[in-house]
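The primary structure of each chain is shown beneath.
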Amino acid sequence: VSVLDRLDRSLMFAPCPGNSKLFEFAESTNLLVQICIDDTKNNGPVYWMGYGKDGRGSLTVKSNENFEFWNGGTYYSLERRGKGENSYIIIGNSEGDFRAEAILYYYYPCLGEEECLEW
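If you're wondering where the values come from, they're calculated on a predicted model, not measured in any experiment.

A. Here's a closer look at the overall build of the protein. Looking only at helices and strands, one finds 0 helices and 10 strands in the protein. Traced from its N-terminal end to its C-terminal end, the protein shows the element sequence β-β-β-β-β-β-β-β-β-β. A buried classification covers 41% of the 119 residues belonging to the protein. Long-range pairs, those at least 24 residues apart, make up 36% of the contacts in the protein with a sequence separation of at least 6. Carbon and sulfur atoms form 44% of the exposed surface of the protein, whose accessible area is close to 7,200 Å².

Here it is as structure tokens:
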């Protein structure tokens with residue numbers, strides 16, 4: 001777990017869409033995930049960008065609702081816990097079948113002085 005400013009930007013698999021900026025970055029065994037946001041006041045769209053580390057491709061999903069990402073019947077989420085412990089990348093469907101992958105590396109935004117401290 002580290003502050004986003006410490007992320008080696010060469011790890012990003014694609015630039016953020018439009019005028020959005022990287023807000024969170026996570027890596028699990030099989031996936032890289034970038035969350036990009038137009039502004040931190042929640043007035044603009046948020047983007048889920050997922051990349052399969054096995055080379056099967058990438059996906060970008062745009063949302064305007066509280067980091068709830070749906071692409072057709074498939075749900076995507078970063079489930080974050082305090083200090084980054086037991087955090088997961090969740091992929092599921094509308095029937096309630098979900099798969100979770102533990103996050104190996106998580107980079108979070110520095111929005112205030114206290115949040116900029118390393119855990």
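Moving on from the coordinates now.
B. Inspection of the side chain of Glu-101 at higher detail. Locating Glu-101 in the fold gives a position in strand β9 (residues 98-102). Among the polar contacts listed, one links the side chain of Glu-101 to the side chain of Arg-99, at a separation of 2.6 Å. Apart from the residues within four sequence positions on either side, Glu-101 is in contact with Ser-28, Thr-29, Asn-30, Leu-31, Ser-87, Tyr-88 and Ile-89.

C. Highlighting the packing of aromatic side chains. Taken as a whole and judged by the stated rule, the model has 7 aromatic pairs. Taking the centre distance of 5.2 Å and the plane angle of 20 degrees together, the rings of Phe-13 and Tyr-51 count as stacked. Of the two residues, Phe-13 sits in the loop between β1 (2-3) and β2 (21-27) while Tyr-51 sits in strand β4 (residues 46-52), which places them 38 residues apart along the sequence. With 6.0 Å between their ring centres and 85 degrees between their planes, Tyr-75 and Phe-98 make a pair best called edge-to-face. Of the two residues, Tyr-75 is situated in strand β7 (residues 74-79) and Phe-98 in strand β9; the sequence distance between them amounts to 23 residues. Here the aromatic residues Trp-48, Phe-69 and Tyr-76 are joined through ring pairs into a cluster of three or more.

D. How the structure looks around the layout of surface pockets. In this structure, the largest pocket spans a volume of roughly 280 Å³. Around the largest pocket, the lining is made up of 17 residues, and of these Asn-30, Leu-31, Tyr-51, Gly-52 and Arg-56 lie nearest the centre. Of all the secondary structure elements, the ones that give two or more residues to the lining of the largest pocket are β3 (31-37), β4, β5 (57-63) and β9. When residues of the lining of the largest pocket are assigned to their parent elements, the largest contribution, 4 residues, is made by β4.

E. Geometry of the sheet that holds β4. A sheet is described by the order of its strands in space; here 6 strands give the open sequence β1-β10-β2-β3-β4-β5, paired in mixed fashion. The open sheet has two free edges, formed respectively by β1 and β5, since each of these has just one partner strand. The sheet contact formed by β2 and β3 spans 6 bridges and is antiparallel. Within β3, the position partnered with Glu-27 by the bridge is Leu-32.

Parameters and conventions
- Residues numbered from 1 in each chain as written.
- Predicted model: local features only at pLDDT ≥ 70, side-chain atom pairs only at ≥ 80, totals over all residues.
- Heavy atoms only, no water.
- Helix = DSSP H or I, 4+ residues; strand = E, 2+ residues; numbered from the N terminus.
- Buried < 20%, exposed > 50% of the residue type's maximum accessible area, 1.4 Å probe, protein only.
- Contact = heavy atoms within 4.5 Å.
- Areas by Shrake-Rupley, 256 points an atom, 1.4 Å probe, with all protein chains shown as cover.
- Polar contact = N/O pair within 3.5 Å; in protein donor to acceptor, adjacent residues only side chain to side chain.
- Phe/Tyr/Trp six-rings, centres within 6.5 Å; stacked < 30°, edge-to-face > 60°.
- 1 Å grid on protein atoms, 1.4 Å probe; cavity = no way out; pocket = protein on both sides within 12 Å on 5 of 7 lines; lining within 4 Å.
- Points joined across faces, edges and corners; volume = space filled by probe spheres on them.
- Pairing = 2+ DSSP bridges.

Honestly, it's all geometry; don't read function into it.
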